[in-house]
Amino acid sequence: MDPGFSMDDIAPIAILMDELRAEDVQLRLNAIHRISTIALALGPERAREELIPFLQDSVDDEDEVLLALAEELGRNFEQYIGGAEYAHILLGPLENLSAVEETLVRDKAAESITKISAVMTQAQIEQFYIPLLNRLSHGEWFTSRTSSCALFPSVYDKVSPPVQDELRRSFATLGTDDTPMVRRAASKWLGPLVKNFSKPHVLGDGLAIYRRLQLDDQDSVRLLTVEDLIAIAQSFSPAEVKEHLLKQIRQTVGDKSWRVRYMSASHFNELAEAVGQELVREELIGHYVQLLKDNEAEVRTAASGQIPGFSKLLEKDVILNRVVPCVRDLCQDTSQHVRAALANQISGLAPLLGKDSTIEHLLPLFLHLLKDEFPEVRLNIISKLDQVNAVIGIELLSESLLPAIVELAEDKSWRVRQAIIEYIPLLANQLGKSFFDEQLGNLCMSWLGDNVYSIRESAIVNLKKLTEVFGVEWAKVQIVPKVVGMGQHPNYLYRMTTVQAITVIAPSLTLDIVRAEILDNLLHLGNDPIPNIRFNVAKALEVFAATFGDTAEGRQLIQQKVLPVLEALKNDSDADVRFFALRALQKAHEVGA
């Protein structure tokens, strides 16, 4: 044997073969995830001559293993077999994987083939990729024909015109396949393929394939043609859309299957932008109103989600006359999901309608939705109120909506209470100090005693944000005394909240305020009988050391007051308290160094 050639050079492929034949699926899976390492150990030539043929023969396995193989081969695997000039060798095992029964494996194999095509030259594509595509698209089993549909778009603009003609003919054949799954795949991939067509070919082949699929008897095929319609419309001028696609738009939006109408509603804004302003005014507004009034709640939900986007393309009086009456009806919709979708989008109409029309038409609807029995509806309205505020101003907003917001602050659903808390700093910024203190100050403090931890946590963060909005002097008067006062409460959860609130708020305060108002009370809680409170005190002191340890005054305070308490806590009977006390001591010594 060559002295420079060791057993290690032979072993990798043998180990892989053994592991891929193992009974344990996990072993086989691990082996597949290591094939790049094995390829590296073998070197490019042996990887091409031994590893790839072996992988090509090992497609009779669990779907999980095949999926991993399809994925690994698409991860720039060509670099392990000698670079892009040998990339076509990887197509062999992937071709086999493209024909297996499991959809996930086929999709991943097709995705990997597409990635490999990106590094192939035109000569490689025409010599190796196109024959593979032809074999798959004429395969006996529908599985290979289905996979082939995904492989057309990535190489169409990389091949010569005669090959392009051949590809269009092959794709057209797949669009009329006897098996619905193949036609469905053709519908899915027609849009991306059409984007690579020249205008005459879109008008010829692209339109012909689309029209056949759009009239398919299976709604699972027709619903995928909505995106094809948009792709074709984007390549046409408004006049060409009117001439060639108007009939198809009407058929799709009014399809007898709710699933097709749902897809139309979900993509309505894209369609509207693609067809041009004139057709939106003449044709699409009527279809949109029809979708907003659809019999199926799912369709109305999808259409509601498009309201502001579509309304941007309309004049104000058209919105008021055609869209707002539908919105009014949807506020009373029997489906909570429709009302929730509407609540999420309705505020987007305010900037389009302006102040007066918003006050007259939308404000009553906001109030109605704020009182909806379904929490998600109320939540969606609250989270988008800033758009309305920008249009009508805070005075009107607070006058009309504040009572409803205060009511929601005590809502039985904690998620609604949480949404209100997150909205408070924004509201505070707009209301100003005095109005806020009068209307919402006590409310903010009451949340600190909420029985849901997430609310108490959000309330603490809220106080920090309010300190940033109104300044430390306001916090000294309005927040600090109330937070510190809770530290004397007999219920340990209130005392815990005090410690957590101090931990979060202290970095936003000045050293003088912390020293005068907070520190002694915090240190006193270090002797609390509850271990959870003691270790939270240690955490708070760590934050304190990190925040104020960069000044001489802060370091002196840490030496005098903080360190003695932490020294006591590090000998605590509770392990968690000792751990956090030691960590805080370490931080205190670091900043004091």
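Keep in mind that what you see is a predicted model, and the values were worked out from it rather than measured.

This brings us to the pattern of salt bridges. Taken as a whole and judged by the stated rule, the model has 28 salt bridges. Arg168 is the salt-bridge partner of Asp205, the closest N and O atoms lying 2.6 Å from each other. Of this pair, Asp205 sits in helix 13 (residues 199-214) while Arg168 is found in helix 11 (residues 161-175), placing the two residues 37 residues apart along the sequence. With a shortest N-O distance of 2.9 Å, Arg222 and Asp255 are connected by a salt bridge. Taken together, the residues span a long stretch of sequence, with Arg222 in helix 14 (residues 219-222) and Asp255 in the loop between helix 17 (246-253) and helix 18 (258-266) at a distance of 33 residues. The same class applies to Arg222 and to Asp255, which are both buried. Through salt bridges with shared partners, a single network forms among Glu71, Glu72 and Arg75.

What follows covers the environment of Pro481. Within the fold, Pro481 resides in helix 34 (residues 480-485). For Pro481 and Gln164, which are 317 residues apart along the polypeptide, the C-alpha to C-alpha distance reads 77 Å. Once residues lying within four places of it in the same chain are set aside, the contact partners of Pro481 are Ala475 and Lys476.

It is worth spelling out the side chain of His244 at this point. In this fold, His244 is placed in helix 16 (residues 238-244). On the basis of relative accessibility, which here comes to 19%, the residue His244 falls in the buried class. Contacts of His244, omitting those with residues within four sequence positions, involve Leu203, Leu207, Arg211 and Phe236.

It is worth spelling out empty space enclosed by the protein at this point. Summed over all chains, the structure comprises five cavities of 30 Å³ or more. Of the pockets and cavities examined, the largest cavity occupies roughly 60 Å³. Contributing to the lining of the largest cavity are Phe436, Asp437, Gly441, Cys444, Met445, Leu463, Leu466, Trp474, Gln478, Ile479 and Lys482. Secondary structure elements with two or more residues in the lining of the largest cavity: helix 30 (433-439), helix 31 (441-446), helix 32 (453-470) and helix 33 (472-478). Looking at the lining of the largest cavity, the element that brings in the most residues is helix 31, giving three residues.

Overall, the coordinates contain ten aromatic pairs when judged by the stated rule. Centre to centre, the rings of Phe579 and Phe580 are 5.0 Å apart; their planes meet at 80 degrees, and the pair counts as edge-to-face. For Phe580, a relative accessible area of 14% corresponds to the buried category. Site record: aromatic cluster; members linked through ring pairs are Phe268, Tyr288 and Phe310. The aromatic ring of Tyr86 is capped on one face by Arg48, whose charged end is 3.7 Å from the ring centroid. The ring of Phe580 carries the charged tip of Lys539 above its face, separated from the ring centre by 4.9 Å.

Moving on to the nonpolar core. In this structure, Phe77, Tyr129, Leu245, Phe310 and Trp447 are the most contacted members of the largest nonpolar core, which totals 197 residues. A per-element tally of this core places helix 37 (residues 531-548) first, with nine residues. Once you skip the residues sitting within four places of it in the chain, Phe77 turns out to touch Ile35, Ser36, Ala39, Leu51, Ile52, Glu72 and Leu90.

Bringing the UniProt feature "repeat: HEAT" (unreviewed entry) in the protein into the picture now. If you check UniProt for "repeat: HEAT" (unreviewed entry), the listed places come out as residues 245-283, 284-322, 323-361, 362-400, 401-439 and 562-593 in our numbering. Secondary structure content for residues 245-283 is 82% helix and 0% strand, while the C-alpha to C-alpha distance between its ends is 12 Å. For residues 284-322, the helix share is 74%, the strand share is 0%, and the end-to-end C-alpha distance is 12 Å.

The space that makes up the largest pocket amounts to roughly 390 Å³. Every residue lining the largest pocket is counted, 17 residues in all, and those nearest its centre are Asp107, Thr146, Ala185, Lys188 and Trp189. Secondary-structure elements contributing two or more residues to the lining of the largest pocket are helix 7 (103-117), helix 9 (142-149), helix 10 (153-156) and helix 12 (180-194). No other element matches helix 7, which puts six residues into the lining of the largest pocket.

Topologically, Asp228 is positioned in helix 15 (residues 225-235). The side chain of Asp228 sits in the buried core without any salt bridge; Lys195 is the nearest counter-charge, 8.8 Å away.

On to the environment of Ala39, then. Its place among the elements puts Ala39 in helix 3 (residues 35-42). Counting along the chain gives 41 residues from Ala39 to Tyr80, while the straight-line C-alpha distance between them is 5.9 Å. If sequence neighbours within four positions are ignored, Ala39 has contacts with Ala47, Leu51, Phe77 and Tyr80.

Turning next to the packing of helix 25 (residues 350-370) against helix 26 (residues 375-383). Here helix 25 crosses helix 26 at 135 degrees, and the two axes come no closer than 8 Å. Taken together, the axes of helix 25 and helix 26 are oblique relative to one another. In this structure, helix 25 uses Phe366, Leu369 and Leu370 to contact helix 26, whose residues at the interface are Val377, Arg378, Ile381 and Ile382. Across the contact of helix 25 with helix 26, the residue classes tally to six nonpolar, no polar and one charged.

Once that is clear, we can look at the packing of helix 9 against helix 12. The contact between helix 9 and helix 12 brings their axes to 8 Å, and the two run at 5 degrees. On the basis of their axis angle, the class for helix 9 and helix 12 is roughly parallel. Across the interface between the two elements, Phe142, Arg145, Thr146 and Cys149 of helix 9 pack against Met181, Val182, Ala185, Ala186 and Trp189 of helix 12. Of the residues in the contact of helix 9 with helix 12, the class split is seven nonpolar, one polar and one charged.

On the surface, a cluster of negative charge is contributed by Glu62, Asp63, Glu64 and Glu101. For Glu101, the position within the fold is in the loop between helix 6 (91-97) and helix 7.

Right, let's get into helix 2 (residues 25-33). Of all the positions in helix 2, only Arg28, Leu29, Ala31 and Ile32 are classed as buried. Angular distribution of buried residues about the axis of helix 2 spans 160 degrees; they occupy a single face of the element.

Once that is clear, we can look at the environment of Gln336. With respect to the secondary-structure elements, Gln336 resides in helix 24 (residues 336-345). It is 9.0 Å that separates the C-alpha atoms of Gln336 and Asp372, two residues lying 36 residues apart in sequence. Setting aside its immediate chain neighbours within four residues, Gln336 contacts Phe374 and Val377.

Rules behind the numbers
Residues numbered from 1 in each chain as written. Predicted model: local features only at pLDDT ≥ 70, side-chain atom pairs only at ≥ 80, totals over all residues. Heavy atoms only, no water. Salt bridge = Lys/Arg side-chain N within 4 Å of Asp/Glu carboxyl O. Helix = DSSP H or I, 4+ residues; strand = E, 2+ residues; numbered from the N terminus. Buried < 20%, exposed > 50% of the residue type's maximum accessible area, 1.4 Å probe, protein only. Contact = heavy atoms within 4.5 Å. 1 Å grid on protein atoms, 1.4 Å probe; cavity = no way out; pocket = protein on both sides within 12 Å on 5 of 7 lines; lining within 4 Å. Points joined across faces, edges and corners; volume = space filled by probe spheres on them. Phe/Tyr/Trp six-rings, centres within 6.5 Å; stacked < 30°, edge-to-face > 60°. Lys NZ or Arg CZ within 6 Å of the ring centre and 35° of its normal. Core = buried A, V, L, I, M, F, W, Y, C linked by side-chain atoms within 4.5 Å. UniProt positions renumbered as here; feature names shortened; annotations may be inferred. Lys, Arg positive; Asp, Glu negative; His and termini not counted. Axes fitted to C-alpha atoms, helices over the stretch in contact; angles between N-to-C directions. Parallel < 35°, antiparallel > 145°, perpendicular 65-115°, else oblique. Nonpolar A, V, L, I, M, F, W, Y, C, P; charged D, E, K, R; others polar. Patch = residues over 30% accessible without salt bridge, like charges linked within 9 Å, V, L, I, M, F, W, Y side chains within 5 Å. Areas by Shrake-Rupley, 256 points an atom, 1.4 Å probe, with all protein chains shown as cover. Charge placed at Lys NZ, Arg CZ, Asp CG, Glu CD. Arc of directions from axis to C-beta.

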